[in-house]
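Survey of secondary and tertiary structure
Listed below are the residues making up each chain.
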Amino acid sequence: MPVPDWSGLAAASLSPDRVRHLLEEWRRLPSVDAWLGTVRPAAARALVAVIGASEHFAGLLRRNPAWLASCFSRESLAGPRPRDVLRREAARFLDDALAQANHAGAFRELRQLRQREHLRIAARDLSRAATLEETARQLSDVADICLAGALRVVRARIASIHGEPWEETGDGGWRPTSFCILGLGKLGGQELNYSSDVDVMLVYGDEGRVFRDPPVAGREPPPGGIANHQFFRRLAEALVAEVSDPAPEGQLFRIDLRLRPEGNTGPLARSLDSHETYYAQWGQTWERLMLIKARPVAGDRQLAADFLEMIQPFRYPRSLGERLLEEIATTKHRLETEKAEGDALRDVKRGRGGIREIEFVVQSLQLLNGGRQPFLQNTGTLPTLEKLAEYGLLAPGEAHSLAEAYRFWRDVEHRLQIENYRQTHAVPESTAGRERLARLLGFRKTAEFDARRELHRTHVRAVYDKFLGHRPRPAAEPGLPADFDTDAAAWRTLLAAHGFEDPARALRIVRGFVQGPDWSHVSVRTGALALTLFSHLLSLCPHSRLPRPEGSRIRGNLSDPDRVLTCLDRFVAGYRSRAPLYETWTGQPQYFELLAWLFDRSDVLAEVAIRTPDLVEELVLGGRLRRTAATTDALANLRHGHGDADQTLWIRRYQQAEQLRLGLRSILGYSNAAECGGELAALADACVQYALDVVARRHGLAAAPFAVIALGSFGGAELSLGSDLDLILVAPDDAPDLPRLQSLAAEFLQLLGAQTDLGRAYEIDARLRPDGEKGLLVNTVGAHAEYYRRRAHLWEIQALTRSRFVAGHAAAGAAFVAAAAGATDFSRGNPGVAAWTADWRRTIDRMLARIVRERTPAGREKLAFKTGAGGLVAAEFRAQEWCLAHGWHEPNTRRALGRGLAAGLIPDEAGRALLAGHDALRRIEAILRCWSGVPEETLPQSPAALRRVAIRCGFDDADALLAAVDAARAAITGALDIDVPTTPPTPPRAPRPSKRRAA
């Protein structure tokens, strides 16, 4: 290993004398001298860089030479230290200190940890082994660990004096009161400097009392001590004092609490409810910007998550009024005129084109757009710049120049602060100071450094002025005719040009939309908002040249503008409060546009929306459309209705609301046909399980006495809007009272399928049970297995390939699935099933041919996308045939087809075409079902209706739709007509007689 040239390294350093003096001291320490002789050259260069750059770190190493080996080892320089490793190290010494109540010792260890880790980080940073992002993230990780450790020590000390804080629960019980620290500013963004303040906010759960002994529900609580707000005030005071204490080992951090509600005059810690009240009533624009960087740092994670969820509508509003935009401009002006350190050209933070301007551009764009674009909801500046470019809110060149400037200025900031660990942001005035700074940054000449500063300042200022300079007034509305009476002809021409088939009727509706039903009780502002909204509607119509508002999700056009306008008129009439509704729609244009697409894409859901306008508003403004919901989530929500008197109506009400949500997700493109089918199936699973729970609860049963097995599209989790639920009910073989189960089953089916004022939750089809309508509603597993062995037809065995246990008696469900798997395994022949014959495949082919012949309307074969040749049914039959032939139990058609492709049953190219064709037809089926809510097997014959379906499916006209259907059916036919060599089934063997039979 080469020996480092310490003399050469010292001479070339920024502070040769400092390096030489320290090396001379270390030469007198045998252990350090030995280390100096064996250290790797990379570590030697890093060490000299740190000593030369920072008097602070030089002094730290002088006092702690033992840190050399750990901070300048090969491992330390190779990569950032994992956060979990750092957390475990802190936990070890904190556990020991707290076990001995040695609070002073715990803080001494925390301060040393902070100093040591900053030295380690600086070694990588100054030797250029770390990126800016790594350095800032590591500094932030150290702050997180130290603050978490400080909170743990302080809370233990305060609790030992006063006891623990408790709060009452809604049911009369008690729970411990949680507390958390939220990081703001650079700490929140994980972008700390070496000498940054840490901006924090302190939150506790709820008001209550402090007790020495835990209170017990149902009993008189023990004598209470101080109130929760007093406990947490003392906790906050102690935390700030300890963290900010300038101890011999060095200060942990300077804590800044001025960003809390009411600033310096507000309480140091507040409850969650108190924060919510403050931001709802008095929150200001600068606080919205500040909270964008809020991040959990220490304490209770669930409380921090609750806080972030609570402030989400405030920091990322879904709509912004003119007043808020004016406040943003005012905040920007105040920041521009804020005094910079030194002067505006030397201050890298507050000066022109500096860090503050980059952050303000980023956070302002987040505030304006984050409510509509969740991926902009980020605490870090550099990751957000990438997303702003990705979503077109910044040009790629602008985002790149801001990112490069940000990295440069933050690098400058680090080098300024690292010398004496002083919080400074000003480039030195002296030539020597600037020359030293330039060398620290890797520039050979000061002039190069100055030129780079000016370049970045110019780029940043250009983007800053573009986005946050004087905002131009919004452009006037596109040229709509001025008057409904004198310009009626011009209105009708405009409407006809935008695809309205009855312009005269549409004009009457537009007039009422703008002027109100009696044309006299609408304010001038409300009328102006109505015209803005109607202009928005026109931008969605066919042949429109009007620009769509920002945030539009669907690229196509409305298929039926007349119907959309009629539905909007009915929605407004049902909402009643016209003025606030128009204000909401104008501030939330995506809400208005979503309704337009809903009215255009779904007749059945449009009626639900018109009857329950508050439901749609809650779905949109509550942000629920972007959320998927598993069966467990839906079941938990359903259980909130246990107390409802009419459980059938409760199930229908919840199911209808969720179907509306899932339909909107599909219409807006948040889910595709397969995903929507799975979500609808998950909802059905939850409703089935809940109905079983209701029946069991009514009859005092600990659990459901039978299992529910799904078949058909329900079994395959391929439901569409309004799909029937094919199911059978199975009891365990030892069920004690089978006749009683029939009445329980009838009650269960009634809960799901009975008519209510809101319609039925589901049409239930239980005819696939053994013996169909003549058979028992519930029968045992053994009876089902016996039926499938001896009496079931082949089509019934085929239906079993799509069976899936949904809910109820788990053991009976598992036993049935196992029996079904055995009955449907034809891979080696299946003599134990009477329906199996050597030519079972031909029987299935004949069944398919019969379906094609009998269910395809005469003269409409070209439109029969489902039952026609090469339609969805053909793909489903082949999938089920493969499952039988190979012993697969795969209820989902697409996954079964994919399994056949993976197994090599058809060539890759044909298999991919098959899957694409299946997906295309499934999408068309889902779109048709979304419109009508009833089964659709053919496309409409009417040219006008067919054109509307084509537009809903994303095609320009009916011919394009028909061509796509032809191509999909041809792909399915071509793939499924391929003869695949298969091993002939093993002929049935005579059963070997058992010893009992032989005897």
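Residues numbered from 1 in each chain as written. Predicted model: local features only at pLDDT ≥ 70, side-chain atom pairs only at ≥ 80, totals over all residues. Heavy atoms only, no water.

**Points about the overall build of the chain**
This is how the line gets drawn: Strands here are runs of E lasting at least two residues and helices are runs of H or I lasting at least four, both read from the DSSP assignment and numbered beginning at the N terminus. Contacts were defined at the residue level, with two residues in contact if any of their heavy atoms lie within 4.5 Å. For every accessible area listed, the method is Shrake-Rupley and the probe measures 1.4 Å; residues are considered covered only by the protein chains on display. His is not counted here, nor are the chain ends, while Lys and Arg score as positive and Asp and Glu score as negative. Note that the charge is assigned to NZ on lysines, CZ on arginines, CG on aspartates and CD on glutamates.
When you go through the chain residue by residue, the secondary structure sums to 44 helices and 13 strands. For the chain, the spread of C-alpha atoms along the principal axes amounts to about 100 × 100 × 70 Å. Contacts spanning at least 24 positions in sequence make up 72% of the contacts within the chain whose residues lie at least 6 apart. Roughly 44,600 Å² of accessible area belongs to the chain as shown, and the carbon and sulfur atoms make up 52% of that amount. Side chains of the chain carry 131 positive and 125 negative charges; the gap between the two charge centres is 3 Å.

**Looking at the nonpolar core**
Here is the rule: By nonpolar core is meant a set of buried Ala, Val, Leu, Ile, Met, Phe, Trp, Tyr and Cys residues that side-chain atoms within 4.5 Å join together. Throughout this description, buried means an accessible area under 20% of the type-specific maximum (1.4 Å probe, protein chains only), exposed means over 50%, and partly exposed covers the range between.
Core analysis: the biggest nonpolar cluster contains 80 residues, and W26, L47, F72, L119, F179, I181 and L202 have the highest contact counts within it. Here the element with the most residues in this core is helix α10 (residues 132-162); it accounts for 11 residues. Counting 56 residues, the second largest nonpolar core, distinct from the first, contains A596, L598, I610 and L660.

**Some words on the sheet that holds strand β1 (residues 164-168)**
By definition, the strands of a sheet pair up through backbone hydrogen bonds, in either a parallel or an antiparallel sense. For the record, the criterion: Being paired, for any two strands, means DSSP has found at least two bridges between them. Each axis is a line fitted through C-alpha atoms, and for a helix only the stretch in contact is used; angles between axes span 0 to 180 degrees, taken between their N-to-C directions.
Here three strands make up an open sheet; going across it, the order is β2-β1-β5 and the pairing antiparallel. At either margin of the open sheet sits one strand with a lone partner, and together these are β2 (174-176) and β5 (209-211). When strand polarity is set aside, the average angle formed by the axes of neighbouring strands in this sheet is 45°. Of the pairings in the sheet, the one linking β1 to β2 comprises three bridges and is antiparallel in character.

**A word on the packing of helix α17 (residues 355-369) against helix α18 (residues 381-390)**
This is how it is decided: An angle below 35 degrees is treated as roughly parallel, one above 145 as roughly antiparallel, one from 65 to 115 as roughly perpendicular, and anything else as oblique. Should the near helix be turned anticlockwise from the far one by less than a right angle, the crossing is left-handed, and should it be turned clockwise, the crossing is right-handed. The nonpolar class holds Ala, Val, Leu, Ile, Met, Phe, Trp, Tyr, Cys and Pro. Asp, Glu, Lys and Arg form the charged class, and all remaining residues, Gly among them, are polar.
Running from N to C, α17 and α18 cross one another at 55°; their axes reach a closest spacing of 10 Å. As far as their axial angle goes, α18 and α17 are oblique. For the pair α17 and α18, the crossing hand works out as left-handed. Each of I358, E359, V362, L365 and Q366 in α17 lies in contact with α18, whose residues at this interface are T381, T384, L385 and L388. For the contact of α17 with α18, the class distribution of residues is five nonpolar, three polar and one charged.

**Thoughts on unusual backbone geometry**
Here the phi dihedral of Q190 falls at roughly 55°; this positive angle occurs in a residue that is not glycine. Although it is not a glycine, H543 adopts a positive phi angle of roughly 70°. Looking at H543, the relative accessible area reads 67%, which means it is exposed.

**As for helix α9 (residues 103-126)**
In an α-helix, one turn spans 3.6 residues; hence positions three or four apart end up facing the same way. Basically, it comes down to this: In this scheme, a helix's expected span is set at 1.5 Å multiplied by one less than its residue total.
Under the 1.5 Å per step criterion, the end-to-end length of α9 is 35 Å for 24 residues, consistent within 8% with the ideal 34 Å. Most of α9 is tucked away, with 20 of its 24 residues classed as buried.

**Looking at the pattern of salt bridges**
How we decide: What counts as a salt bridge is simple: a side-chain nitrogen of Lys or Arg found within 4 Å of a carboxyl oxygen of Asp or Glu.
The final tally for this structure, using the stated rule, is 72 salt bridges. Note that R410 is salt-bridged to E413, the shortest N-O span being 2.9 Å. With a gap of three residues between them, R410 and E413 both fall in helix α19 (residues 396-418), about one helical turn apart. We note that R410, like E413, is buried. Within this structure, R81, E89, R116, E117 and R120 form a network of salt bridges that share partners.

**Overview of the confidence of the model for the chain**
As a reminder, the rule being used: The predictor rates its confidence in each residue with pLDDT, a number between 0 and 100.
A residue-level look at the chain finds 91% of positions with pLDDT of 70 or above and a mean pLDDT of 87. Across residues 471-477, confidence stays below pLDDT 50; counting only partners more than four residues off in sequence or on other chains, it has four contacts. Taken as a whole, residues 979-999 scores under 50 in pLDDT and shows 10 contacts with residues more than four places along the chain or in a different chain.

**Considerations on helix α3 (residues 30-38)**
To keep things clear, this is the line we draw: Comment: arc refers to directions from the helix axis out to C-beta atoms.
Of the positions making up α3, those classed as buried are V32, W35 and L36. The buried residues of α3 occupy an angular sector of 100° when projected down its axis, which confines them to one face. The exposed set on the far side of α3, more than 90 degrees from its buried face, consists of P30, S31 and T38. Elements that come into contact with the buried residues of α3 comprise α1 (6-12), α2 (16-27), α4 (41-53) and α6 (67-71).

**Digging into the side chain of E718**
The following threshold applies: The definition of a polar contact used here is a pair of N or O atoms within 3.5 Å, where within protein one atom must be able to donate a hydrogen and the other to accept one, and adjacent residues in sequence count solely through side-chain atom pairs.
Here E718 lies in the loop between α33 (712-715) and β10 (725-731). Judged by its relative accessible area of 10%, E718 falls in the buried class. At 3.1 Å, the side chain of E718 and the backbone nitrogen of T893 are in polar contact. Residue contacts for E718: discarding those within four places in its chain leaves G677, S713, R802, P891, N892, T893, R894 and R922.

**What to know about the packing of aromatic side chains**
Here is the rule: Classification of ring pairs uses Phe, Tyr and Trp, with its six-membered ring standing for Trp, and accepts pairs whose centres are within 6.5 Å; under 30 degrees between planes counts as stacked, over 60 as edge-to-face, and the remaining range as tilted.
If you walk through the whole model with that rule in mind, you get 25 aromatic pairs. Seen in terms of ring centroids, W174 and F211 are 5.3 Å apart; in terms of plane orientation they differ by 90°. Their pairing is edge-to-face. Here F211 lies in strand β5 and W174 lies in strand β2, a separation of 37 residues in the sequence. Accessibility assignment for this pair places W174 and F211 in one class, buried. Judged by centre distance (6.2 Å) and plane angle (70°), the rings of Y788 and F816 are edge-to-face. With Y788 in helix α35 (residues 781-790) and F816 in helix α37 (residues 810-823), this pair connects stretches of sequence that are 28 residues apart. For the pair shown, Y788 and F816 are each scored as buried.

**With respect to the state of the cysteines**
For clarity, the threshold we go by: Note that a disulfide, as used here, is simply two cysteine sulfur atoms within 2.5 Å.
Per the counting criterion, the structure on display carries zero disulfides. The closest cysteine sulfur to the non-disulfide-bonded C71 is located on C146, 14 Å from its own sulfur.

**Regarding the environment of W888**
Inspection of the secondary structure puts W888 in the loop between α39 (872-886) and α40 (893-902). Given the relative accessible area of 9%, W888 is considered buried. In this structure the C-alpha to C-alpha distance between W888 and G898, which are 10 residues apart in sequence, comes to 12 Å.

**Quick notes on the packing of helix α25 (residues 561-575) against helix α27 (residues 589-601)**
Where α25 contacts α27, the two axes come as close as 9 Å, and the packing angle between them is 120°. One finds that α25 runs oblique with respect to α27. The crossing of α25 and α27 is right-handed. Contacts between α25 and α27 involve R563, V564, C567, L568 and F571 from the former and Y591, F592, L595, A596, F599 and D600 from the latter.

**Section: the environment of V833**
Assignment of secondary structure puts V833 in the loop between α37 and α38 (840-855). Residues V833 and R791, spaced 42 residues apart in sequence, show a C-alpha to C-alpha distance of 8.4 Å. If near-sequence neighbours (up to four positions away) are discounted, V833 is found in contact with Y788, R789, I797 and A823.

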